[in-house]
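These are the residues of each chain, in order.
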Amino acid sequence: MFALSAAAQFSSKPEAVAPYAATLMPVVEAMLKLADVGPNDFVIDLGSGDGRLVIAAVGTFKARGGLGVDIETSLVKYSNDSAAQAGVADRVQFREEDLFKTDVSEATVVTIYLFPRAMPRLEKKLLAELKPGARVVVHDYPFPGWRPERVVEVKSPDKITSTGLPYSQLFLYKVPQPK
């Protein structure tokens, strides 16, 4: 199902905040387990790439629904086709749009794998739009001012060439109650 190249591919669009780089399925599963995704959850993946995370959230972890957003037309089409092939297209949608303009208020879980330069702006957006108790799982690049509830390392030997480390770090955040 996920035949796109795992090598990082940079977008030519000016709003791009990270290249497309496929997340390995053990990392996808670890992210969804860390967020404790289940039947009451609506999962939004910001920068959804080939869609594997949202499809796994609904197909394997039984989330009630999901949304993936990406700025690359070909990835959005591929993701929607993959959702149909996986039998989850009735509960999953992929849209071509700027993740900073995406309404995330319905999400109970948000997943992110973006470069550090996107994180300060995204942190503010999520804290402003998500309901208290919503979970956010960030892959490798933590938010600058938001303290994680948990940090988990997942073996990823393929990352040695890109990060110098043989693992992925996953950061779990929970939206706090307003003060």
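Residues numbered from 1 in each chain as written. Predicted model: local features only at pLDDT ≥ 70, side-chain atom pairs only at ≥ 80, totals over all residues. Heavy atoms only, no water.

(A) Local environment of helix α1 (residues 25–34). Every buried residue belonging to α1 is among Val27, Val28, Ala30, Met31, Leu32 and Leu34, and all of these are buried. Residues of α1 that are buried sit in contact with α2 (52–59), β4 (109–112), β5 (135–139), β6 (150–155) and β7 (167–174). Just downstream of α1, Asp36 is the residue with a positive phi angle, here 55°. (Buried < 20%, exposed > 50% of the residue type's maximum accessible area, 1.4 Å probe, protein only. Helix = DSSP H or I, 4+ residues; strand = E, 2+ residues; numbered from the N terminus. Contact = heavy atoms within 4.5 Å.)

(B) Local environment of the sheet that holds β6. Taken in spatial order, the seven strands make up an open sheet running β3-β2-β1-β4-β5-β7-β6, and their pairing is mixed. Every other strand in the sheet has two partners, leaving β3 (92–96) and β6 as the edge strands with one partner each. Across the sheet, the mean angle from the axis of one strand to that of its neighbour is 15°, orientation sign disregarded. Docked against the sheet, α1 engages β4, β5, β6 and β7, running at close to 20° with respect to β7. (Pairing = 2+ DSSP bridges. Axes fitted to C-alpha atoms, helices over the stretch in contact; angles between N-to-C directions.)

(C) Representation of the side chain of Arg135 within the structure. Looking at the secondary structure, you find Arg135 in strand β5. Setting aside anything within four residues of it in sequence, one finds Arg135 in contact with Ala35, Asp36, Val37, Asp41, Thr108, Val109, Val110, Leu172, Tyr173 and Lys174.

(D) Structural detail: α2. The buried count for α2 comes to seven of eight residues, which makes it a mostly enclosed element. Along α2, the residues that are buried comprise Arg52, Leu53, Val54, Ile55, Ala56, Ala57 and Val58.

(E) Representation of the packing of α1 against α2. Remark: α1 packs on α2, axes separated minimally by 10 Å, with the N-to-C direction vectors making an angle of 55°. Between α1 and α2, the crossing angle belongs to the class labelled oblique. Two packed elements cross with a definite hand, and for α1 against α2 that hand is right-handed. Here α1 contributes Met25, Val28, Met31 and Leu32 to the contact with α2, which in turn contributes Arg52, Leu53, Ala56 and Ala57. (Parallel < 35°, antiparallel > 145°, perpendicular 65-115°, else oblique. Left-handed = near helix turned anticlockwise from the far one by under 90°.)

(F) Main features of the pairing of β5. Here β5 lies mainly inside the structure; five of its five residues are buried. Every second residue of β5 is oriented toward a common face, with Arg135, Val137 and His139 on one face and Val136 and Val138 on the other, all of them buried. In terms of strand pairing, β4 meets β5 through four bridges, oriented parallel. For Ile112, the partnering residue across the bridge sits in β5 and is Val138. As paired elements, β5 and β7 share five bridges and run antiparallel to each other. Each residue of the ladder has a partner; that of His139, found in β7, is Leu170.

(G) Spatial organisation of the nonpolar core. If you look at the biggest cluster of nonpolar residues, it comprises 27 residues, and the most contacted ones within it are Leu32, Val37, Val43, Val92, Phe94, Val137 and Leu170. Every element with two or more residues in this core is listed here: α1, α2, α3 (73–85), β3 and β7. Formed by 25 residues, the second largest nonpolar core is a distinct cluster that contains Ala118, Met119, Leu122 and Val136. (Core = buried A, V, L, I, M, F, W, Y, C linked by side-chain atoms within 4.5 Å.)

(H) Expanded view of the packing of aromatic side chains. Across all of its chains, the model carries four aromatic pairs by this definition. Between the aromatic rings of Trp146 and Tyr173, the centroid separation amounts to 5.0 Å while the plane-to-plane angle is 40°, which identifies the pairing as tilted. Taken together, the positions of Trp146 in the loop between β5 and β6 and Tyr173 in strand β7 put the pair 27 residues apart, joining distant regions of the chain. (Phe/Tyr/Trp six-rings, centres within 6.5 Å; stacked < 30°, edge-to-face > 60°.)

(I) The arrangement of the pairing of strand β2 (residues 65–70) in detail. Here β2 lies mainly inside the structure; six of its six residues are buried. Residues Gly65, Leu67 and Val69 point to one face of β2 and Gly66, Gly68 and Asp70 to the other, with burial holding for every one of them. Pairing analysis gives five bridges linking strand β1 (residues 42–46) to β2, with the strands arranged parallel. Counterpart to Ile44 in the pairing with β2 is Leu67. Of the strand pairs in this sheet, β2 and β3 are connected by five bridges, and their pairing is parallel.

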